[in-house]
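Each chain, letter by letter, is given below.
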Amino acid sequence: MDLIGGDCYEKEFNPRAYLEMFYRFPLSNPQENAFLSFVLKNLVKAFSSGLKFRTLLEIGCGPCLHVALGASEHAEEMILSDFASNNRQEVALWLQNDPEAFDWSPVAKYMCELEGNRRWKRVAGILPPRLPWNRRKCYLRKGYKKVEKSKMPPKNRKRGGSGKSKTTEPAAKSAKRELDDSTEHVTIESLTAGRKTTVTSSGEEKGNIEAHSFWLMKSEPESRIENGVDVKFGVEDLKAQQSQTACWDGVRNYQARNFMRDMKVGQLAFFYHSNCKEPGIAAIVKIVKESYVDHTQFDKKDPHYDPRSSKQNPKWFMVDVQFVRMMKRFISLAEMKRYHQEHKTKEGPLKNMALFTRARLSVQPVAKEEFDFVLSLEDKKPV
């Protein structure tokens, strides 16, 4: 197994477990986490020296926001970039103020106290010289726009280029230009004391509409008993429903849930059979009702019951899908994987397909070129 390759990292790295291990500590005794205390003290020391700059560039930010929190008053623009979608999703949960996001409040509080910013605790309604921890978080979240896909820099390309530069260019500008060439945007805009701050994760913003116009939705066509309930639901079960329409309930992954929130009526999705003898795409469905509350999270008898969710503050959502047609032939996972491996070396349409780069997600976006290519396989013999 490639233990340091991008595919392995994206599939195996757990951002939340990493944050819980290295970035959580009790504010009453920060020294219990000596690593984080050391990092934050030095971060505050650097920024408190009167440092001001236009652009902060953090390459490989992971799921972390402590640098952005510390630099929020010192930089006009912040660029955060990370290869792994699970890291970007973890950051997005916090920026969207999701109740399940990692709590950065102890970090923000501690950094403010290290800066000598305690007045906010005593003087109600008076903004201290430095932004208090809760206001600092608010400003970062205020202008949040979206988090999009980023890419690894091209293989065999060194960060500094070939070493033969025709013109002299500042290192930060060179790195930003290279990042812009190799990745796509994560954009945040916020206002701090009347100043515009942008947090971006590099690259071109175009393509997002296409990337989120088609979907792949996984379901199990074979019987499997979970908490006494058979969770089987294949395409034939969908066809048997009234108007061949059903709600897509039971999704309990935050990124998959957020993708369903993005779905629009009329968009098409591949109905994918998973956790079975031969997984693959069996049919095409369309979205007929946009995101609404998933009732199964409140049903104690349902295998997808979530005791942490409430009707006042529901965590999980679903959409309604309707059967459109069967594929002309079943497109197996094994066949698509062969094309994926080939396209990774030849720059084909399936090179970055989420089915392989984010394999664990039960709801995935499909780019238009990926959707069209898979449809073209219907008229070809299986490879």
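What counts as what
- Residues numbered from 1 in each chain as written.
- Predicted model: local features only at pLDDT ≥ 70, side-chain atom pairs only at ≥ 80, totals over all residues.
- Heavy atoms only, no water.
- Helix = DSSP H or I, 4+ residues; strand = E, 2+ residues; numbered from the N terminus.
- Buried < 20%, exposed > 50% of the residue type's maximum accessible area, 1.4 Å probe, protein only.
- Areas by Shrake-Rupley, 256 points an atom, 1.4 Å probe, with all protein chains shown as cover.
- Salt bridge = Lys/Arg side-chain N within 4 Å of Asp/Glu carboxyl O.
- Expected span 1.5 Å × (residues − 1).
- Arc of directions from axis to C-beta.
- Contact = heavy atoms within 4.5 Å.
- Phe/Tyr/Trp six-rings, centres within 6.5 Å; stacked < 30°, edge-to-face > 60°.
- Disulfide = S-S within 2.5 Å.
- Core = buried A, V, L, I, M, F, W, Y, C linked by side-chain atoms within 4.5 Å.
- Polar contact = N/O pair within 3.5 Å; in protein donor to acceptor, adjacent residues only side chain to side chain.
- Pairing = 2+ DSSP bridges.
- pLDDT = per-residue confidence, 0-100.

1. So, the overall build of the chain
Consideration 1: When its secondary structure is counted, the chain shows 15 helices and 13 strands.
Consideration 2: Counting over 383 residues, the chain shows a buried share of 48%.
Consideration 3: Surface accessibility of the chain: about 20,100 Å² in total, with carbon and sulfur atoms responsible for 52%.

2. Describing the pattern of salt bridges
Consideration 1: Taken as a whole and assessed by the stated rule, the structure comprises 13 salt bridges.
Consideration 2: Between Asp306 and Arg308 there is a salt bridge; the shortest N-O distance is 3.5 Å.
Consideration 3: A relative accessible area of 6% places Asp306 in the buried class.
Consideration 4: Taking relative accessible area as the criterion, Arg308 reaches 60% and is therefore assigned exposed.
Consideration 5: Across the pair Lys315 and Asp306 runs a salt bridge, and its minimum N-O distance is 3.0 Å. Accessibility assignment for this pair places Lys315 and Asp306 in one class, buried.

3. Some points on helix α13 (residues 333-346)
Structural remark: α-helix, 3.6 residues per turn; residues separated by three or four positions point the same way.
Consideration 1: The end-to-end C-alpha separation of α13 is 20 Å, in line with the 20 Å expected for 14 residues at 1.5 Å each.
Consideration 2: By the burial criterion, the buried members of α13 are Glu335, Met336, Tyr339, His340 and His343. Buried residues of α13, viewed axially, fall in a sector of 140°; they line one side.
Consideration 3: Those residues of α13 that are buried are in contact with β10 (268-273), β11 (280-293), β12 (317-332), α14 (354-357) and α15 (368-376).
Consideration 4: Among the residues trailing α13, Glu347 stands out with phi positive, at a value near 60°.

4. Here we look at the packing of aromatic side chains
Consideration 1: Considering all chains together, one arrives at 13 aromatic pairs under this definition.
Consideration 2: For the ring pair Phe102 and Trp104, a centre distance of 5.1 Å and an interplane angle of 75° mean the geometry is edge-to-face.
Consideration 3: Residue Phe102 is classed as buried on the basis of its relative accessible area, which comes to 2%.
Consideration 4: Note on Phe214 and Phe371: the rings are 4.4 Å apart at their centroids and 25° apart in plane angle, and the pair reads as stacked. Taken together, the residues span a long stretch of sequence, with Phe214 in strand β6 (residues 214-219) and Phe371 in helix α15 at a distance of 157 residues.
Consideration 5: Chaining the aromatic ring pairs together yields one cluster made of Phe13, Tyr18, Phe22, Tyr23, Phe35, Phe102 and Trp104.

5. Quick notes on the state of the cysteines
Consideration 1: Under the counting rule described, the total for this entry stands at zero disulfides.
Consideration 2: Cys61 provides the cysteine sulfur closest to Cys64, a residue in no disulfide bond, and the two sulfurs are 7.5 Å apart.

6. Details of the nonpolar core
Consideration 1: Tyr23, Leu56, Leu65, Trp94 and Trp104 are the most contacted members of the largest nonpolar core, which has 32 residues in total.
Consideration 2: Elements supplying a minimum of two residues to this core: α3 (34-47), β1 (53-59), α4 (66-71), β2 (75-81), α5 (85-95) and α6 (105-114).
Consideration 3: If one sorts the elements of this core by residue count, α3 sits on top with five residues.
Consideration 4: Counting 23 residues, the second largest nonpolar core, distinct from the first, contains Met217, Ala246, Ala282 and Leu361.

7. Regarding the environment of Phe47
Consideration 1: Within the secondary structure, Phe47 is located in helix α3.
Consideration 2: C-alpha of Phe47 to C-alpha of Glu73: the two residues are 26 residues apart in sequence and 9.0 Å apart in space.
Consideration 3: Setting aside anything within four residues of it in sequence, one finds Phe47 in contact with Phe53, Val67, Gly70, Ala71 and His74.

8. Description of the environment of Arg16
Consideration 1: Its location among the elements puts Arg16 in helix α2 (residues 15-22).
Consideration 2: In this structure, the C-alpha to C-alpha distance between Arg16 and Ala101, residues 85 residues apart in sequence, is 9.0 Å.
Consideration 3: Excluding its chain neighbours within four sequence positions, the residues that come into contact with Arg16 are Glu90, Leu93, Glu100, Ala101 and Phe102.
Consideration 4: A distance of 2.7 Å separates the side chain of Arg16 from the side chain of Glu90, its partner in a polar contact.

9. A look at the pairing of β10
Consideration 1: Of all the six residues making up β10, five are buried; the element is thus mostly covered by neighbouring parts of the structure.
Consideration 2: Here β10 pairs with β11 via six bridges, running antiparallel. Across the sheet, residue Phe270 finds its bridge partner in β11, namely Ile284.
Consideration 3: Count of turn residues in the β10/β11 antiparallel hairpin: six residues, of which Asn275 carries a positive phi of about 50°.

10. What about α15?
Consideration 1: Along α15, the residues classified as buried are Glu370, Phe371, Phe373 and Val374. Angularly, the buried residues of α15 cover 165° about the axis, an arc narrow enough to put them on a single face.
Consideration 2: Where α15 is buried, its residues touch β6, β10, β11, β12, α13 and β13 (363-366).

11. Quick look at the side chain of Gln364
Consideration 1: By the secondary structure assignment, Gln364 is in strand β13.
Consideration 2: Here Gln364 falls in the buried class, since its relative accessible area comes to 1%.
Consideration 3: Those residues in contact with Gln364 that lie beyond four places of it in its chain are Phe214, Trp215, Leu216, Lys218, Phe259, Ala354, Leu355, Arg358 and Ala359.

12. As for the confidence of the model for the chain
Consideration 1: Averaged over all residues, the pLDDT of the chain equals 75, while 70% of them reach at least 70.
Consideration 2: When the criterion is pLDDT under 50, residues 171-211 qualifies, and its contacts beyond four places in sequence or with other chains add up to 127 contacts.

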